[in-house]
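# Structure assessment
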Amino acid sequence: GDVAIATESGLSIFDGTSFTLYQTASGLANNKVKSLTYDSSSGALWMGYKAGSNGIASMNPVTGTITNFSGASVSGNINDITSAPDSIIYFTAGSNVYRFDAKNDSLYTYNSTNSPISSTVINDVEYLNSQLWIATGSRLHVIDDFERPAVAITVGDPSTCDLDSVIIASVG
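The structure contained in this document is the topic of the report that follows.

About the thresholds
Residues numbered from 1 in each chain as written. Predicted model: local features only at pLDDT ≥ 70, side-chain atom pairs only at ≥ 80, totals over all residues. Heavy atoms only, no water. Pairing = 2+ DSSP bridges. Helix = DSSP H or I, 4+ residues; strand = E, 2+ residues; numbered from the N terminus. Axes fitted to C-alpha atoms, helices over the stretch in contact; angles between N-to-C directions. Buried < 20%, exposed > 50% of the residue type's maximum accessible area, 1.4 Å probe, protein only.

Before going further, it helps to spend a moment on the sheet that holds strand E3 (residues 19-22). Strand order across the open sheet formed by three strands is E1-E2-E3, with antiparallel pairing between neighbours. Bordering the open sheet on either side are strand E1 (3-7) and E3, each of which pairs with just one other strand. Each strand axis lies, on average, 20 degrees off the axis of its neighbour in the sheet, ignoring direction. Sheet topology places strand E2 (residues 10-14) next to E3; four bridges connect them, and they run antiparallel. Paired with Ile13 across the bridge in E3 is Thr20.

For the rest of this paragraph, the subject is unusual backbone geometry. For residues besides glycine, phi is generally negative; the peptide bonds are generally trans as well. Although it is not a glycine, Ser87 sits at a positive phi angle of roughly 60 degrees. With a relative accessible area of 24%, Ser87 lands in the partly exposed category. One non-glycine residue, Asp105, lies in positive phi territory at about 50 degrees. Topologically, Asp105 is positioned in the loop between strand E10 (96-101) and strand E11 (106-110). The exposure class of Asp105 is partly exposed, given its relative accessible area of 34%.

Remember, this is a structural readout, not a statement about activity or role.
Shown next as structure tokens:
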């Protein structure tokens, strides 16, 4: 398959032979693409923009059609993005985790004041096995329903185990 690369100059797609660069002239709201995720259920490539941009966008890799979502505009870099079923996209910016419903163009913000997330440092987010995994500065949160308390897993001794560099990946 193709390889998608987020760059300061736009979205670059490598097909194994050559690169195609998508920029504002191709439909991007801004050329500064910060994060990417592929939604295997819809076939869409989702991207998050850098600060001062228009939030998130999706791309149909077959047609090259890019859709920018005005309802997902936030301040700050969209550092990480992940897809869940039913066109739900989770992404991080600053100390917040956002839940974007692409079908309804609606956005909800989760942070340490209104959710089980116990930190203002959000490093990574991934949707795996019907659960949202959030790596913060000191904990790994596993959330399957924001209505109930999150399971907060402390990995090792916080004085010797720094989760700032944790990257969650699907294995298997």
